[in-house]
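Each chain, letter by letter, is given below.
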Amino acid sequence: MSDTQAHSVAYVRDTMLPQQPAPAGQSGAVQWLRENLFSGWLNTLLTLLGVAVIYTLVMHFLPWFLHGVWDANSIKECRTIITDRYGEGATGACWGVIRERWHQFIFGFYPPELYWRPILTFLLLFVAVGPLLFTWVPRVLAWFTPVYPFLAVWLLWGGSGWTPIMIFAGFVLGAAILLVLSPRLGSIMAFSIGALVAILYFLFVVGPLIDGLQAILPWGLESVDSAKFGGFLLAITLGVGGIMMSLPLGIVLALGRQSDMPLVKAFSVVFIEFIRGVPLITLLFVASLLLNYFLPPGTNFDIILRVMILVTFFAAAYIAEVIRGGLAALPRGQYEAADALGLDYWKAQRLIILPQALKISIPGIVSTFIGMFKDTTLVVFVGLFDPLKGIPDFIRADFNWKGIYWEPFIFVGAIFFILNFAMSRYSMALERRLQRDNH
């Protein structure tokens, strides 16, 4: 502004006002509360109602938690300690049952001197899945992933050391036949021959071969019967086994349902619709009772293996539909791009179609896994000791703990929540990572 203009106006500010903080009601926690909890009369009413409900629940249950007793060996001793400390009529949790029976909640009736085997199996699980789930894990460890299921079964159940080796050799034999014959006979024919040879190997060769090798060079671990499995050892064994087998089976079923071959499509549709139409508890009863009627007399088909197979079928049917939704969400141009590159069916699915479909299907797949893991508690209805009802009922049969009720449910529910919440958070992190990879 020139001097003439400056002298012609009444007032000219020659300094800037210092920057002032925002009003208290327009920033920080107050703003968050106004926008999220008190933005209107209905929101305010719901907020006050929610606070009242939370306050009532906390005031009702907090003393019960605060009066908890850990150093007691029976529920009677718990009640005596609570009365002595807090007066007549006081209530409190008796966590002593968790301190005294934690091994049954975790390991069931597994021999205590062999606890190192399920612990080692659980630790090796992270080595096996690490290269698949986390990018910072060295890829060189990926060779251990296909070996882990056979090693885990051997560590948990024990028996001859030749059993996992010879069973793994059967799968290697089938895969070798597939790789050798695939360029000459095509993928489908090579897969059929490889699967047929592997099945014949498992039916007629592997048993005598294991017996012969064990007679020549005996080695192995002490056998543990399936009846000794229980608690979270049983739940995690069924959950992890079902997850590892249901995902590839679900992918195959989803591709089969979209196949142009009528027989493959019909089989996939019938399998998926039948399994989805039957309650899981029905399949568990089939595994426990009816399956033995269809097996040759004298056949000893392990109950946990039977349950795991049918739980896998149940989860695979739902995963197949989730993945089919991911396949349907892809634009037609992706299929046409794969054809334009000259890729055959399997290469197109492996390199272009399935990576995108699985990325879309991650939330649904993880939800199915979480639901299946929680459904492992239903095995109590076929005589197995699940951690939610089977083990607590067994503990209540002891006179010292007769009448204990909420503490086992809270403890088991907390562990289920931690494991399922971890799976949920990992799936969310994986979705964010895949979205970043697209940019």
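Each value, and the rule that gives it
- Residues numbered from 1 in each chain as written.
- Predicted model: local features only at pLDDT ≥ 70, side-chain atom pairs only at ≥ 80, totals over all residues.
- Heavy atoms only, no water.
- Helix = DSSP H or I, 4+ residues; strand = E, 2+ residues; numbered from the N terminus.
- Rg over C-alpha atoms; globule rule 2.2 N^0.38 Å.
- Buried < 20%, exposed > 50% of the residue type's maximum accessible area, 1.4 Å probe, protein only.
- Contact = heavy atoms within 4.5 Å.
- Areas by Shrake-Rupley, 256 points an atom, 1.4 Å probe, with all protein chains shown as cover.
- Lys, Arg positive; Asp, Glu negative; His and termini not counted.
- Charge placed at Lys NZ, Arg CZ, Asp CG, Glu CD.
- 1 Å grid on protein atoms, 1.4 Å probe; cavity = no way out; pocket = protein on both sides within 12 Å on 5 of 7 lines; lining within 4 Å.
- Points joined across faces, edges and corners; volume = space filled by probe spheres on them.
- Phe/Tyr/Trp six-rings, centres within 6.5 Å; stacked < 30°, edge-to-face > 60°.
- Lys NZ or Arg CZ within 6 Å of the ring centre and 35° of its normal.
- Core = buried A, V, L, I, M, F, W, Y, C linked by side-chain atoms within 4.5 Å.
- Axes fitted to C-alpha atoms, helices over the stretch in contact; angles between N-to-C directions.
- Left-handed = near helix turned anticlockwise from the far one by under 90°.
- Salt bridge = Lys/Arg side-chain N within 4 Å of Asp/Glu carboxyl O.
- Disulfide = S-S within 2.5 Å.
- Expected span 1.5 Å × (residues − 1).
- Patch = residues over 30% accessible without salt bridge, like charges linked within 9 Å, V, L, I, M, F, W, Y side chains within 5 Å.

(A) Quick look at the overall build of the chain. A tally of regular secondary structure across the chain gives 17 helices and two strands. Since a compact globule built from 439 residues should have a radius of gyration of about 22 Å, the 30 Å found for the chain marks it as more spread out than a globular shape. By its C-alpha atoms, the chain is 110 × 80 × 40 Å across when sized along the principal axes. A burial count over the chain gives 35% of its 439 residues as buried. Considering only contacts within the chain whose residues lie at least 6 apart along the sequence, 72% involve residues at least 24 apart. About 26400 Å² of surface is accessible on the chain, with carbon and sulfur atoms providing 70% of the total. Averaging the positions of the 28 positive and the 26 negative side-chain charges in the chain gives two centres separated by 4 Å.

(B) Quick look at the layout of surface pockets. Empty space within the second largest pocket amounts to approximately 210 Å³. Taken together, 15 residues form the lining of the second largest pocket, with Trp64, Ile75, Arg79, Gly92 and Glu407 sitting closest to its centre. Every element with two or more residues in the lining of the second largest pocket is listed here: helix H4 (75-86) and helix H17 (406-437).

(C) Layout of the packing of aromatic side chains. Summed over all chains, the structure comprises 32 aromatic pairs. Between tyrosine 405 and phenylalanine 409, the ring centres sit 5.3 Å apart and the planes meet at 85°, which makes this aromatic pair edge-to-face. By relative accessible area, phenylalanine 409 is classed as partly exposed at 26%. Joined through ring pairs, the aromatic side chains of Phe150, Phe168, Phe171, Tyr201 and Phe202 make up one cluster. Above the ring of phenylalanine 409, the side-chain terminus of arginine 396 is found at 5.7 Å from the ring centroid.

(D) Focus on the nonpolar core. Core analysis: the largest hydrophobic core is formed by 51 residues, its most contacted members being Tyr110, Phe229, Ile304, Val307, Leu327 and Leu384. Listing elements by their share of this core, those giving two or more residues are helix H7 (144-157), helix H10 (231-257), helix H11 (262-277), helix H12 (280-290), helix H13 (303-329), helix H14 (332-340) and helix H15 (345-375). In terms of residue count, the dominant contributor to this core is H13 (14 residues). Apart from the residues lying within four places of it in its own chain, the contact partners of leucine 384 are Leu234, Ile303, Ile304, Val307 and Val379. Of all hydrophobic cores here, the second largest spans 24 residues; its members include Ala72, Ile82, Trp95 and Phe373.

(E) Here's a closer look at the packing of H11 against H13. It is at 9 Å that the axes of H11 and H13 come closest, and there the two elements cross at 115°. H13 is crossed by H11, and the crossing has left-handed handedness. Of the residues in H13, those in contact with Phe271, Ile272, Ile275 and Arg276 of H11 are Phe313, Phe314, Ala317, Tyr318, Ala320 and Glu321.

(F) Quick look at helix H5 (residues 96-107). Within H5, the full set of buried residues consists of Gly96, Val97, Ile98, Arg101, Gln104, Phe105 and Phe107. Just downstream of H5 lies glycine 108, where phi reads positive at about 70°.

(G) Region of the structure containing the pattern of salt bridges. Summed over the entire model, instances satisfying the criterion amount to nine salt bridges. In this structure, glutamate 321 and arginine 257 form a salt bridge, with 2.9 Å as the shortest nitrogen-oxygen distance. Pair noted here: glutamate 321 is in helix H13 and arginine 257 is in helix H10, with a separation of 64 residues, a long-range link. Side by side, glutamate 321 and arginine 257 carry an identical accessibility label, which is buried. Among the ionic pairs, arginine 276 bridges to glutamate 273, the shortest N-O distance being 3.9 Å.

(H) The arrangement of the state of the cysteines in detail. By the definition in use, this model includes one disulfide. Cysteine 78 shares a disulfide with cysteine 94; S-S distance 1.9 Å. Judged by the torsion about the S-S bond (75°), the cysteine 78/cysteine 94 disulfide is right-handed. One end of the pair, cysteine 78, is in helix H4; the other, cysteine 94, is in the loop between H4 and H5, with 16 residues separating them in the sequence. Its relative accessible area of 3% is what places cysteine 94 among the buried residues.

(I) Highlighting helix H8 (residues 162-185). The terminal C-alpha atoms of H8 lie 33 Å apart, and with 24 residues this matches the ideal 34 Å at 1.5 Å per residue to within 8%. Along H8, the residues that are buried comprise Trp162, Pro164, Met166, Gly170, Gly174 and Ile177. Looking one or two residues beyond H8, the residue adopting positive phi is glycine 186, at roughly 95°.

(J) Quick peek at the side chain of threonine 376. With respect to the helices and strands, threonine 376 occurs in the loop between H15 and helix H16 (390-396). Residue class for threonine 376 comes out buried when judged on its relative accessible area of 3%. Once you skip the residues sitting within four places of it in the chain, threonine 376 turns out to touch Ala235, Leu238, Gly239, Asp386 and Phe416.

(K) Looking closely at a nonpolar patch on the surface. Taken together, the side chains of Trp41, Leu42, Leu45, Leu46, Leu49, Val53, Leu57, Phe61, Phe65, Tyr405, Trp406 and Ile410 present a nonpolar region at the surface, about 1300 Å² in accessible area. The set of elements that each furnish at least two residues to the nonpolar patch consists of helix H3 (41-66) and H17. Counting residues per element, the nonpolar patch draws most heavily on H3, which supplies nine residues. Mapped onto the fold, phenylalanine 65 is located in helix H3. Owing to a relative accessible area of 40%, phenylalanine 65 belongs among the partly exposed residues under this scheme.

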